[in-house]
Amino acid sequence: MFCSEVYTEASSELFSETKTHSSDRTMDLGLAEDHFSRPVGSFVASDIEQLKLAIEECKKLILELPEHSERQKDTVVKLIHLRLKLQELKDPEEDEPNLRVILEHRFSKEKSKSVKQTCDKCSTIIWGLIQTWYTCTGCYYRCHSKCMNQNTKPCVRSKVSHQSEYELSICPEIGLDRQDYRCAECRTPISLRGVPSEARQCDYTGQYYCSTCHWNDTAIIPARVIHNWEFEPRKVCRSSMRYLTLMMPRPVLKMKEINPLLFNFVEELVEIRKLRHDILLMKPYFITCKEAMEARLLLQLQDRQHFVENDDMYSLQDLIDISTGRLSCSLTEIHTTFAKHIKLDCERCQAKGFVCELCKEGDVLFPFDSHTSVCHECSAVFHRDCYYDHSTTCPRCARMTDRQQDEVEEEK
């Protein structure tokens, strides 16, 4: 409609320099009064009622005035000012504390006045210029100051701390009737027909929520990634959205136990598993190398600390980066840097290499070389072909066994 176009155009001029209007454009609607200065003292209900009447008159006049005329634009700007003033009277600014703790939320008072946000409690816009608002530093729950005490939802950060695991069933729906036709979170009556409130399903929990608790946000669902290698975002409720966001960097997925067959179908997973295994083999070289410690080589993996602790735990962010190819590129580059330090740059690390005792030929070998095999008993390194040809005997293990027997005989 033309009103929405005019409203949008006029909104951009809201804080522009005030123009001088001629007397024939003055509207006798009580709009010439100063409704925008800072209120002094307390307001009574009649002031709010007068503003409501002025707003209604403005709306009527906008419809009556010629389309796209200057008078219509001026009236729209006036209407915006009146609505902001009415909101200010309903929610007067007070001296609010900078930090408040409610239901394990740590609400911090926001300083920004220009960023437009939406209140997670009442689902209305937070006008930073005239309203006080808070954000939880743990789960980023945002709300008006007046809505904080009405909040009944605990901080999702506490759930992440106490229950660091995903729902691994794909959309585990139990049915709206099992929910007694009520929102799974706030218990508001809902139905699929939208009366009294629309029922919206969360693809992560499988449950139904009202429009206040479910804003049709989308997120990648861990269960669909693990079982189907599917990364299409699905609609989730607000609490699931915050939970999945906080859980995304946490390495809680043990892929070889949850779905080991996935490695048979996703080549990128096999490649990443090999790179991670090699990095774990390189780690002992670095923690005993003074130059590597001074260069802080392992800090190149500080964003994925679990990569230097194990090779079987993954975070959801890891799997997303594997699917896009980002992780393969970055991890290959780090692997190359690590191998270069051990095999070329550092004499101390080079001295810890192995010579194949089966053929006693070739270059110095390292356990992370692609053409080598490692003895599971003594960790000696051999050429792969040599090791499989002499798989029944490891020279180093044989020497260690003989030495132990000699020591026992000497003690006798």
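Residues numbered from 1 in each chain as written. Predicted model: local features only at pLDDT ≥ 70, side-chain atom pairs only at ≥ 80, totals over all residues. Heavy atoms only, no water.

1. Some details on the overall build of the protein chain
Formally: By definition, any uninterrupted DSSP run of H or I lasting at least four residues is a helix, any uninterrupted run of E lasting at least two residues is a strand, and each is numbered from the N terminus. Working definition: with a 1.4 Å probe on protein chains only, accessible area under 20% of the residue-type maximum means buried, over 50% means exposed, and in between means partly exposed. The contact criterion used throughout is that any non-hydrogen atoms of two residues lie within 4.5 Å. Surface accessibility follows the Shrake-Rupley procedure with a 1.4 Å probe radius. Residue values consider only the protein chains on display as shielding.
Broken down by element type, the protein chain carries 15 helices and 14 strands. When the 412 residues of the protein chain are sorted by exposure, 39% land in the buried category. Long-range contacts, defined here as pairs at least 24 residues apart, represent 61% of the contacts in the protein chain between residues at least 6 apart. Here the protein chain displays about 24200 Å² of accessible surface, and carbon together with sulfur accounts for 49% of that area.

2. As for the sheet that holds strand β6 (residues 142-144)
How we decide: Strands pair, by our definition, only if DSSP identifies at least two bridges between them. What counts as an axis is a line fitted to C-alpha atoms, over the stretch in contact for a helix, and the angles between N-to-C directions run from 0 to 180 degrees.
Taken in spatial order, the four strands make up an open sheet running β1-β2-β5-β6, and their pairing is antiparallel. At either end of the open sheet lies a strand with only one pairing partner, and these are β1 (99-102) and β6. Going from strand to strand, the sheet's axes swing by 30 degrees on average, the running direction of each strand aside. With three bridges connecting them, strand β2 (residues 105-109) and strand β5 (residues 133-136) associate as antiparallel partners. When the bridges of β5 are listed, S108 appears paired with T135.

3. Thoughts on helix α6 (residues 238-247)
With eight of 10 residues buried, α6 lies mostly within the body of the structure. Within the span of α6, buried status applies to R238, S239, S240, R242, Y243, L244, L246 and M247. Packed against the buried residues of α6 are α4 (156-162), β9 (217-219), α5 (222-228) and β10 (234-236).

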